[in-house]
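# Commentary on secondary and tertiary structure
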Amino acid sequence: MILADKIIRLRKKNGWSQEELAEQMNVSRQAVSKWESAQTVPELEKILQLSQIFGVTTDYLLKDELEAEEFLQVDSSNQIRRVTMSEANDYLTLRKNLSLRIAFATFLCILSPIPLILLGVLSELENPPISENFAGAVGMIFLIIVAAVAVCIFIFCGFKNAPYEFLEKEPFENEYGVIGMVRERQKEYRNTYAKFNMIGTCICILSPIALFTGAFSEDELLVAIMLAVTMIIAGIGVMFFITAGVRWASMQRLLEEGEFTKAEKQSSEMKSRVAAIYWLLTTAIYFIWSFSSNDWNKTWIVWPVAGVLFGAVMVVCNIFSDKNND
């Protein structure tokens, strides 16, 4: 009975209703009502959670005397960051806006080798309108400029996202109402998310049709043009994936669901390091091969091959991560 009175007193002192306390505790309102009417006693895990939420000691909650609160000695350096309703709204709005920029920057990366491929083929025609050196130089200049623009967009997005990096790197708690708001947003966006993924999948599956069409021709220039068309179509499909994925991931990150559970956060750090090393090595291989062979119109094959192999590398990372978690 004393514990029930203490829960009521602490709840009212914080200005919470039973519904608000229930959401903080991740239980039903009926469960809180039963605690406060002494029909049931909270489990030990819930008592520890009550101690943390109200900032009092477990001894105070478990003692049979109704006395003054014994507050926890809080170490400010170890305090868990709390996400307010305003922060959650701002974060979701920011990620919605950045999703288009991230998708466009990725699209630019996919398009960047196209002039190099086309100019390389033009330079190898029977009566080439341009020299091989000129084709390689112009193609590389375009590739570097477009890649630089894409990198600038990625850096800008990273700068804008910097205030919310703690969501990826630190433990956090959501204040009252945040989880409900995010779940409502997620429910509203679910159909759009599914639609964008279906559209992206269909576009990517259909994209090689242009390349297959050109493959029946002996005209190398036509084959190169069809390859460029395939890359453009695939890039559009990827934009649908990224636009939908960034927004969906922002909601899952706040809810700590899917890839953003506490266990997955630990494994994602390892995968990020592996991915960075992998793509640095891929870039090094591409430039070493290209400059040593001076065969720029063929060395681009490094990127699609690396993209396919990257999936296998991530699978291996997931296997090691699962073993470590076990």
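Residues numbered from 1 in each chain as written. Predicted model: local features only at pLDDT ≥ 70, side-chain atom pairs only at ≥ 80, totals over all residues. Heavy atoms only, no water.

## Structural notes on a negative patch on the surface
On the surface, a cluster of negative charge is contributed by Glu 124, Glu 132, Asp 219 and Glu 220. Along the chain, the position of Glu 132 falls in helix α8 (residues 132-161). Residue classification places Glu 132 among the partly exposed positions, given a relative accessible area of 42%. (Patch = residues over 30% accessible without salt bridge, like charges linked within 9 Å, V, L, I, M, F, W, Y side chains within 5 Å. Areas by Shrake-Rupley, 256 points an atom, 1.4 Å probe, with all protein chains shown as cover. Salt bridge = Lys/Arg side-chain N within 4 Å of Asp/Glu carboxyl O. Lys, Arg positive; Asp, Glu negative; His and termini not counted. Charge placed at Lys NZ, Arg CZ, Asp CG, Glu CD. Helix = DSSP H or I, 4+ residues; strand = E, 2+ residues; numbered from the N terminus. Buried < 20%, exposed > 50% of the residue type's maximum accessible area, 1.4 Å probe, protein only.)

## Some points on the environment of Leu 227
Relative to the helices and strands, Leu 227 resides in helix α12 (residues 220-255). Leu 227 gets classed as buried once you look at its relative accessible area, which sits at 13%. Linking Leu 227 and Ile 209, residues 18 residues apart in sequence, is a C-alpha distance of 9.7 Å.

## Description of the environment of Phe 166
Relative to the assigned elements, Phe 166 resides in helix α9 (residues 166-169). Sequence spacing of Phe 166 and Arg 81 is 85 residues, and the spatial spacing of their C-alpha atoms is 8.3 Å. With near-sequence residues (within four places) excluded, Phe 166 lies in contact with Arg 81, Val 83 and Phe 172. (Contact = heavy atoms within 4.5 Å.)

## Details of the pattern of salt bridges
Throughout the structure, instances matching the rule amount to 4 salt bridges. The shortest N-O distance in the salt bridge between Glu 36 and Arg 11 comes to 2.5 Å. Taken as a pair, Glu 36 in helix α3 (residues 29-36) and Arg 11 in helix α1 (residues 2-13) lie far apart in primary sequence, 25 residues in all. By relative accessible area, which is 9% here, Glu 36 ends up buried. Given a relative accessible area of 10%, Arg 11 falls into the buried group. In this structure, the salt-bridge partner of Arg 29 is Glu 19, at a minimum N-O distance of 3.8 Å.

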